[in-house]
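Each chain, letter by letter, is given below.
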Amino acid sequence: MIVVTGGAGYIGSHTVKSLLARREPIVVLDDLSEGHRDAVLGGKLETIDLGDREAVREIFHREPIEAVIHFAALCSVPDSVRDPDRYFRANVENTLHLLSAMVETHVRFFIFSSSAATYGTPERTPIAEDHRCAPINPYGLTKLQVEDALRWYGESHGLRSVSLRYFNAAGADPDGDLGEDHRPEGHLVPLLLRAAIGRVPRVSLFGDDYVTPDGTCIRDYVHVTDLADAHCLALDALRRGGDGGVFNLGNGAGYSVRSVVAAAERVVGKPIPTQIAPRRPGDPPVLVASSDRAARELGWKPKFADLDVIVSTAWNWIREHPDGYDN
Ligand code: UFG
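Quantities reported herein were computed from a predicted structural model and do not represent experimental measurements.

Go over the site of the ligand with me, naming the residues and quoting the values.
Taken together, 21 residues sit near the ligand, with Tyr139, Ser204, Arg219, Arg280 and Asp283 positioned nearest. Between a nitrogen atom of the ligand and a main-chain N or O atom of Ser204, the distance comes to 2.7 Å. Contacts to the ligand include Asp283, whose side-chain N or O atom sits 2.5 Å from an oxygen atom. Out of a free accessible area of 680 Å², the ligand has 93% covered by protein chains. Per-element tally for the shell around the ligand: the top contributor is strand S8 (residues 203–206), with four residues. Tallied by class, residues from the shell around the ligand come to 13 nonpolar, five polar and three charged. Both domains that furnish three or more residues to the shell around the ligand are identified here as domain 1 (2–169 + 223–249) and domain 2 (188–219 + 252–326).

Before we move on, can you summarise the pairing of strand S2 (residues 26–29) with the specific residues and values?
Going residue by residue along S2, you find Ile26 and Val28 tucked away on one face and Val27 and Leu29 tucked away on the opposite face as well. Two strands pair when backbone bridges link them, and strand S1 (residues 2–5) and S2 are joined in this way by four bridges, in the parallel orientation. Within the sheet, the bridge partner assigned to Val4 lies in S2 and is Val28. At this point the chain moves from S1, through helix H1 (residues 10–21), to the parallel S2, and the crossover so formed is right-handed. Pairing geometry for S2 and strand S3 (residues 44–46), over three bridges, is parallel. Each bridged residue has a counterpart across the sheet, and for Val28 the counterpart in S3 is Leu45.

Hey, could you go over the sheet that holds S3 for me, with residue numbers and the actual values?
Hydrogen bonds along the backbone pair up the strands of a sheet, which may run parallel or antiparallel. A sheet is described by the order of its strands in space; here seven strands give the open sequence S3-S2-S1-S4-S5-S6-S11, paired in parallel fashion. The sheet is open, and its two edges are formed by S3 and strand S11 (245–249), each paired on a single side. Strand-to-strand twist across the sheet, computed as the mean angle between neighbouring axes with direction ignored, equals 20 degrees. Inspection of the sheet shows strand S4 (residues 67–70) paired to strand S5 (residues 109–115) by four bridges, in the parallel sense. By the bridge assignment for S5, Ile69 is matched with Ile111.

Calculation rules
Residues numbered from 1 in each chain as written. Predicted model: local features only at pLDDT ≥ 70, side-chain atom pairs only at ≥ 80, totals over all residues. Heavy atoms only, no water. Near = heavy atom within 4 Å. Polar contact = N/O pair within 3.5 Å; in protein donor to acceptor, adjacent residues only side chain to side chain. Areas by Shrake-Rupley, 256 points an atom, 1.4 Å probe, with all protein chains shown as cover. Helix = DSSP H or I, 4+ residues; strand = E, 2+ residues; numbered from the N terminus. Nonpolar A, V, L, I, M, F, W, Y, C, P; charged D, E, K, R; others polar. Domains from an automatic or database assignment. Buried < 20%, exposed > 50% of the residue type's maximum accessible area, 1.4 Å probe, protein only. Pairing = 2+ DSSP bridges. Right-handed = clockwise from strand over helix to strand, strands pointing away. Axes fitted to C-alpha atoms, helices over the stretch in contact; angles between N-to-C directions.

See below:
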């Protein structure tokens with residue numbers, strides 16, 4: 001059985017769908033504080049808070065668990081700057097509850113949702129995994145601390161892990177079954193599309209004075225279904241006896257905030273109201289991945305690398321679900 005924490009969330013729910021397609025037995029652990037019951041397309045759902053250490057232990061003692069895929073976390077860079085305490089508790093302390101339960105019950109495989117935010121402001125791009133890590137916000141530091149802990153759980157407890165450093169997850173299930181529904185929404189792509197249907201009056205573009213060609217931040221957008229596939233490949237690699245370790249997941253192409261606005265306008269076929277606003281704290285100017293290692297060692301090959309395709313899948317879902325999972 002595979003434990004998927006945060007399986008009712010955005011990337012987690014897409015990964016659950018990919019695992020179900022492979023007929024993997026799944027138990028989703030989610031407190032539904034940010035996730036959605038309707039996003040869990042199958043498997044068992046246990047509504048628990050990972051802060052409840054005893055409840056976590058009980059599940060590991062009850063179920064025959066082979067591996068843990070750990071998505072459950074807080075994931076807003078600006079919120080982490082405002083409230084680091086909440087972030088360290090949710091992202092580090094709660095992960096330790098899982099790891100302790102795994103050690104206690106001899107569960108060996110762990111796949112971790114890490115982030116490009118572990119790098120901080122990169123010295124060169126594209127960023128490879130051996131680039132130095134110097135997070136510039138608490139969110140990135142929480143992810144790095146767990147990665148570091150995983151190395152020692154590997155050395156001393158025999159835990160085998162893969163940390164997947166996502167760049168900018170975007171898009172929605174191409175079949176239209178799942179999408180992105182954060183409340184409040186803070187990510188660029190869904191905000192632009194919500195503005196296109198009139199649910200957001202206008203989108204603030206945070207900073208046009210960065211040292212980039214058009215002054216706005218550059219990011220590497222990667223389709224959520226491609227991220228989901230990477231988790232299945234990581235599981236295969238661990239089962240084959242692979243060493244695991246850290247892998248970037250991005251398309252290796254950087255798009256400025258302005259070029260994402262242009263892509264969204266092409267996809268929706270009309271102008272989207274935006275305004276220039278001050279920089280957002282914690283935002284590095286450029287984040288673009290080298291994912292060569294994931295290609296080489298996991299066999300990962302993104303299927304939806306084109307930005308317009310990524311945005312179109314998100315648009316299809318938002319048009320069909322203007323109220324998200326409340327529809
Ligand atoms: N942006 C805007 N206006 C908005 C929202 C975002 O201009 O209303 C800009 C941001 O400043 C950034 C880009 O659009 O330059 C993308 O922002 P997102 O909030 O969509 O994504 P982030 O790059 O902040 O965050 C993503 C992941 C995080 C991860 C981070 C790495 O969501 O989990 O990349 O820095 F940590």
